[in-house]
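As a plain string of letters, each chain reads:
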Amino acid sequence: MADTDLLTLKRAKAGNIRKVLDAVVAVAPMSAPVPETFTVAGALQELPPEYRTIGWVSKKDGYKWSRDTDSSDIESHGSVEPTRRDITKDVTGLAMTAQETSRLTLELSNNVDLSEARLVDGELSYTRQVAPSTRYWRLIAIGIDGSGSDAFYVINVLPRATISEYGELTWSDEDALTYPLTWSATVDQDLKYSFRQVLAGPGFESRAADMDFSGAVAVA
């Protein structure tokens, strides 16, 4: 082995430190298609028309991605650590606080379908189901770092997501009326996955080699 120093051995690349400067979350009924690709020649493409966007979310909370895992251990006599470990649970979650009061945020935060809702004498009313059913959605989150020829997209796809937790709704003269939502990903039996990530854009393509990706390699 040859002599080296710590800086050389680290092979650190500051250009690989990314932020998500802006993002959008779009949801659609389960009947909607999930795009295979999201860019053409590096340019971001429109989503299918069935997708609706949640709009502004709280800057303080942002978009928080979680991963809840459990494992089952086998312990063996004479070993001070488990000799076998199997992952028995792996659930991706997304928490956000929507700020816009719209049909979509009302539908999501109340678990209701307002597609047939109509104004009557200038009023809109709806009721929550006494025994609500679980609703599933296509969910696509698109984040961006950089812009123009340096745009770097991080895209997370949850093909069968459901809202697993509803936050408190606060009426206050200091804060906006918001809709805290926590999503959980579940496996889509047709697509065979619960979570898919896509990295794209000219900013990614120009840095792919620095990120240790090279060539056009499809990853299942």
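Note that the structure is a prediction, hence the values are computed from the model and not measured. (Residues numbered from 1 in each chain as written. Predicted model: local features only at pLDDT ≥ 70, side-chain atom pairs only at ≥ 80, totals over all residues. Heavy atoms only, no water.)

1. Quick word on the nonpolar core
In globular proteins that are soluble, nonpolar side chains generally tend to be buried together. Put simply, the rule reads: Here the nonpolar core consists of buried residues drawn from Ala, Val, Leu, Ile, Met, Phe, Trp, Tyr and Cys, with membership extended through side-chain atoms lying within 4.5 Å. We call a residue buried when its accessible area falls under 20% of the maximum for its residue type, exposed when it is over 50%, and partly exposed in between, using a 1.4 Å probe and counting protein chains only. Strands are runs of DSSP state E lasting at least 2 residues, helices are runs of H or I lasting at least 4, and numbering of each runs from the N terminus. Between two residues, a contact is recorded if the distance between any of their heavy atoms is within 4.5 Å.
Within the largest apolar cluster, 22 residues are counted, with the highest numbers of intra-cluster contacts made by Val25, Val27, Ile54, Met96, Leu108, Leu139 and Trp183. Those elements giving two or more residues to this core turn out to be strand 1 (22-28), strand 6 (84-98), helix 2 (103-110), strand 7 (137-145), strand 8 (152-166) and strand 9 (179-185). Broken down by element, the residue count for this core peaks at four residues, all from strand 9. Contacts of valine 27, omitting those with residues within four sequence positions, involve Glu50, Tyr51, Arg52, Leu104, Trp137, Arg138, Leu139 and Trp183. Tyr153, Val157, Tyr193 and Ala200 belong to the second-largest nonpolar core, a separate cluster that totals 15 residues.

2. Some remarks on the packing of aromatic side chains
Definition in use: A pair of Phe, Tyr and Trp rings is counted when the ring centres sit within 6.5 Å of each other, with Trp represented by its six-membered ring. The angle between the planes then sorts it: under 30 degrees is stacked, over 60 is edge-to-face, the rest tilted. Definition used: whenever NZ (Lys) or CZ (Arg) falls within 6 Å of the ring centre and also within 35 degrees of the ring normal, the charge is taken to sit over that ring.
Inspection of every chain in the model, using the stated rule, returns three aromatic pairs. Their ring planes at 85° and their centres at 5.8 Å tell us that phenylalanine 152 and phenylalanine 204 sit as a pair that is edge-to-face. A residue pair is termed long-range when its members are at least 10 positions apart, and phenylalanine 152 in strand 8 and phenylalanine 204 in helix 3 (residues 202-207) qualify at 52 residues. Side by side, phenylalanine 152 and phenylalanine 204 carry an identical accessibility label, which is buried. Taken together, the ring pairs connect Phe152, Phe204 and Phe213 into an aromatic cluster. In this arrangement the basic side chain of arginine 18 is found over the ring face of phenylalanine 152, its NZ or CZ atom lying 4.3 Å from the centre. Between the NZ or CZ atom of arginine 160 and the centre of the ring of tyrosine 136, over which it lies, the distance is 3.8 Å.

By themselves these figures say nothing about function.
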